[in-house]
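# Fold and geometry: a report
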Amino acid sequence: MATYAVGDLQGCFDSLKELLGEIGFNESRDRLWLTGDLVNRGPQSLEILRFVKSLGEGAISVLGNHDLHLLMVADGRAKQQRKDTLGEILDAPDREELLTWLRGLPLMHSEDDYTMVHAGLLPSWSIDQALGLAREVEHVLQGSDWHGLMAQMYGNKPDHWDDALAGYDRLRMIINAMTRLRICTAEGRMEFSYTGTIEDIPPGYMPWFAVPGRRSTKSTVICGHWSAIGLLVQTNLLALDSGCLWGRRLSAVRLEDRQTYQVACPKLAD
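Everything numeric in this text was worked out from a predicted model, so none of it was measured. Sequence order as written defines the numbering, with residues in each chain counted from 1. Whole-chain, interface and lining totals are the exception, using all residues; otherwise, since this is a predicted model, local features are given only for residues with pLDDT of at least 70 and side-chain atom pairs are given and counted only at 80 or more. Side-chain numbers here rest on the full set of heavy atoms in the structure, without hydrogens or water.

The next thing to look at is the environment of Ile229. Put simply, DSSP marks the helices as runs of H or I at least four residues long and the strands as runs of E at least two long, and each gets a number from the N terminus on. Along the polypeptide, Ile229 turns up in the loop between β9 (220-223) and β10 (232-234). Of the residues examined, Ile229 reaches a relative accessible area of 18% and is grouped as buried. By the convention used here, residues are in contact when the closest approach between their heavy atoms is within 4.5 Å. Setting aside residues up to four positions removed in sequence, Ile229 forms contacts with Ile198, Phe209 and Ala239. In this scheme, a residue with accessible area under 20% of its type's maximum is buried, one over 50% is exposed, and one in between is partly exposed, where area comes from a 1.4 Å probe on protein chains only.

Below, the structure is given as structure tokens:
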């Protein structure tokens, strides 16, 4: 049995099939870890959801910001944006089954020496603390009050952690960190508009994973979301969004030995 962590798919099902062929993925024996953003912008989001769901316990995906956006749109809390490609899911006969399954995915997953989250973790959070915070969000998202969370989820504030945060401000803060974070200050204040490379980060900010004293370094964090930096393999970091949607590559790492695999992707978005 092998476990393969794969970067953001965003509806690029053909590229996923090619990558799984490249690595010799066996559905009955191997496992997939997916960094979230299963859907949107690419042309095959419906096929991605159906395939990953069909793998059952053979696949673990965390929620990404585009997955949450789909839930927002489906709940009538947000409008589809010009570049969204969610229509097939919203019109599918198995729509509710897929959306319920999606809503049940974790925000964060940790197993042995690896932890997976879509975007990142604030430097002040230990793995155990972050897991507890993720469970708070999952409890609401999977419960009867999930519509209330959808109504309050969007927004950039608060932009830094405080243990005293409560209610939807607390949940929004956790969601933003785990699904939108790229850069922050040394104190953990987040900035959400920057999407560029590491070399051009604004003064006073740094990659979340480069903050001195980051408390989550005891585990190798697997993440996606930041396509501009490409595949980044470090001692305690596997950043796997290598821009498949933008015509670059789809990346996977076999966790048992950190063997990397990549396939070239057609450009599907501007």
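This part covers the pairing of strand β1 (residues 3-6). Both faces of β1 are covered, namely the face carrying Thr3 and Ala5 and the face carrying Tyr4 and Val6. When β1 meets strand β2 (residues 31-34), the two strands line up parallel, connected through four bridges. Bridge assignment links Ala5 to a residue of β2, and that residue is Trp33. Two strands are counted as paired when DSSP detects at least two bridges linking them.

Before going further, it helps to examine the packing of aromatic side chains. Classification of ring pairs uses Phe, Tyr and Trp, with its six-membered ring standing for Trp, and accepts pairs whose centres are within 6.5 Å; under 30 degrees between planes counts as stacked, over 60 as edge-to-face, and the remaining range as tilted. For the coordinates displayed, the defined rule picks out five aromatic pairs. A ring pair is formed by Tyr4 and Tyr261, whose centres lie 6.0 Å apart and whose planes are at 70°; its orientation type is edge-to-face. In this pair, Tyr4 is assigned in strand β1 and Tyr261 in strand β13 (residues 259-264), connecting sequence segments 257 residues apart. Taken as a pair, Tyr4 and Tyr261 share a single burial class, namely buried. Plain terms: the ring middles of Phe13 and Phe51 are 5.5 Å apart, the flat faces sit at 45° to each other, and that makes the pair tilted. Of this pair, Phe13 sits in helix α1 (residues 13-23) while Phe51 sits in helix α2 (residues 45-54); the two residues are 38 residues apart in sequence, bridging distant segments of the chain. Geometrically, a lysine NZ or arginine CZ counts as sitting over a ring once it is within 6 Å of the ring centre and also within 35 degrees of the ring normal. For the cation-ring pair, Arg103 lies above Trp146, with the distance from its terminal atom to the ring centre recorded as 4.3 Å. Over the aromatic face of Phe192 sits the side chain of Arg180, whose NZ or CZ is 4.2 Å from the ring centroid.

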